[in-house]
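# Chain and residue survey
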Amino acid sequence: MRIDRINVYSAQLPVKNGVYRMASADVEALDSTLVEIVTDDGFAGWGETCPIGPVYQPHHALGARAAIAEIAPGLIGLEIASIRLLAKQMDERLNGHGYAKAAFDMAFLDLLGQKLGVPVSTLLGGALTDRVPTYYSLIVGPPDETAKIAADKVKAGYPRLQVKIGGRNLEEDVAVVHKVWEAVGYRARIAVDGNRGLTVAAAIHLDRLCQEVPFVFEQPCNTMDEIATLKGRVTHPVYLDESTEDQNAVLRAISLGIADGFGFKVTRLGGLTKMTTVRDLCAIRSLPHSCDDAWGGDIIAAACVHLAATAEPRRMEGAWIAQEYIKGHFDQKHPVVIKQGHIAVPQRPGLGVKPEPGMFGKPVAIY
Ligand code: 0XW
Ligand code: MG
């Protein structure tokens, strides 16, 4: 099974109800990059990387495609057998840029799974479940309206909610936390996500003013250093998301004892294979985490779900997928779908999803 051709596509994914609002940015449409690796024995494997705009984290769509252009020509003719060898070959062509390499890593695993007749979850160590939880992400919005949506989503089966805050006055952020808690109580776990938008001072105030609400505080401030100063000064557990820029950042946060859990992004960590390391580090310290990505269609969704199925269920904070905010699916026959706040793990070989032929139009690059 050798790599014969690599097609690169760009897919525009408009946000369903207009805008997705976070402290760090408002986004209206996402530019997803897909790689299709075609092999000499007739298999096609897919990977995807989809930064949520250019300011959420240091990733952007054009950057992903430029990195792919550096890597892809060097992959032609290589055997799909050892994922570790392929990773080494990518590193020899380009330093860093894990979010672009992640798309190739997904496609390699998709191909290997198809060839061996096993789902990607098996290649990641083996699934512990056939259905993983997800969570609903409530964008920065008016407190009453947000609380109403929160109640509806809990009724629909979501076991966890993420309430976005930041980029506005403290009073509204405090009010939204209280109102969501009043609306859902213990029926759902709550994460309050600052998306890097709070000062340390604002984070401390919010923590004190919402003392009785049992939430986890996700990436309240911009840097890991700022968040480290919260230790001992806030009472809510603190999770890192955007600060987990690579495996080393996760190792550092765990060893410094400044994270009580994580919001992980598959592409930011450099792909599914690299994610298995941080998954296992979290297991050693009993740390909860999610298996998400910033955005993306069915390919990324399938990748997150396969990985989430391999994590210990009691520490699994959910596999977030963009389905609630995008129209339609890449794979009409076997889409990755949320039902009652949970997602079935694809059981077919590889990732278990295939974009409809021709749906992305002409490739933006062919190698
Ligand atoms: C909820 N997410 C996983 C999706 C958006 O990209 C933001 C992200 C987060 O937790 O920051
Ligand atoms: Mg987050």
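One can find the structure itself at the top, above this paragraph.
A brief look at the structure comes next. (Residues numbered from 1 in each chain as written. Chains lettered and ligands numbered in written order. Predicted model: local features only at pLDDT ≥ 70, side-chain atom pairs only at ≥ 80, totals over all residues. Heavy atoms only, no water.)

## Looking at the sheet that holds strand 14 (residues 338-339)
- Strand order in the open sheet made by the three strands is 6-15-14, with antiparallel pairing throughout. Each of the sheet's edge strands pairs with one partner strand only, and the pair in question is strand 6 (131-133) and strand 14.
- Two elements, strand 6 and strand 15 (residues 342-344), share three bridges in a ladder whose sense is antiparallel. Within the sheet, the bridge partner assigned to R131 lies in strand 15 and is A344. (Pairing = 2+ DSSP bridges. Helix = DSSP H or I, 4+ residues; strand = E, 2+ residues; numbered from the N terminus.)

## Some remarks on empty space enclosed by the protein
- By the definition in use, this model includes four cavities of 30 Å³ or more.
- If you go around the largest cavity, you meet 17 residues; those closest to its centre are Y20, Y56, K164, K265 and A294.
- By volume, the second largest cavity amounts to about 40 Å³.
- For the second largest cavity, the full set of lining residues is T134, Y135, Y136, S137, Y158, W320, I321, E324, Y325 and I338.
- For the lining of the second largest cavity, the residue count by class is seven nonpolar, two polar and one charged. (1 Å grid on protein atoms, 1.4 Å probe; cavity = no way out; pocket = protein on both sides within 12 Å on 5 of 7 lines; lining within 4 Å. Points joined across faces, edges and corners; volume = space filled by probe spheres on them. Nonpolar A, V, L, I, M, F, W, Y, C, P; charged D, E, K, R; others polar.)

## Observations concerning the sheet that holds strand 16 (residues 365-366)
- Reading across from one edge, 5-4-1-16 is the order of the four strands in this open sheet, with antiparallel pairing throughout. Unpaired on one side and paired on the other, strand 5 (44-49) and strand 16 mark the two borders of the sheet.
- In this structure, strand 4 (residues 29-39) lies alongside strand 5, joined through six bridges in antiparallel fashion. Pairing of I37 across the sheet is with G45, part of strand 5.
- With respect to the sheet, helix 1 (residues 61-71) is in contact with strand 1 (3-14), strand 4 and strand 5, its orientation differing from that of strand 4 by roughly 20°.
- Along the sheet, helix 11 (residues 298-309) contacts strand 4 and strand 5; its crossing angle with strand 5, the most-contacted strand, is approximately 90°. (Contact = heavy atoms within 4.5 Å. Axes fitted to C-alpha atoms, helices over the stretch in contact; angles between N-to-C directions.)

## Side note on helix 2 (residues 83-93)
- I83, L86 and M90 are the residues of helix 2 that are buried. Burial along helix 2 is one-sided: seen end-on, the buried residues are contained in an arc of 60°. Exposed residues pointing more than 90 degrees away from the buried face of helix 2 are listed as R84 and E92.
- The inward-facing, buried residues of helix 2 contact helix 1, helix 3 (98-116) and helix 10 (272-284). (Buried < 20%, exposed > 50% of the residue type's maximum accessible area, 1.4 Å probe, protein only. Arc of directions from axis to C-beta.)

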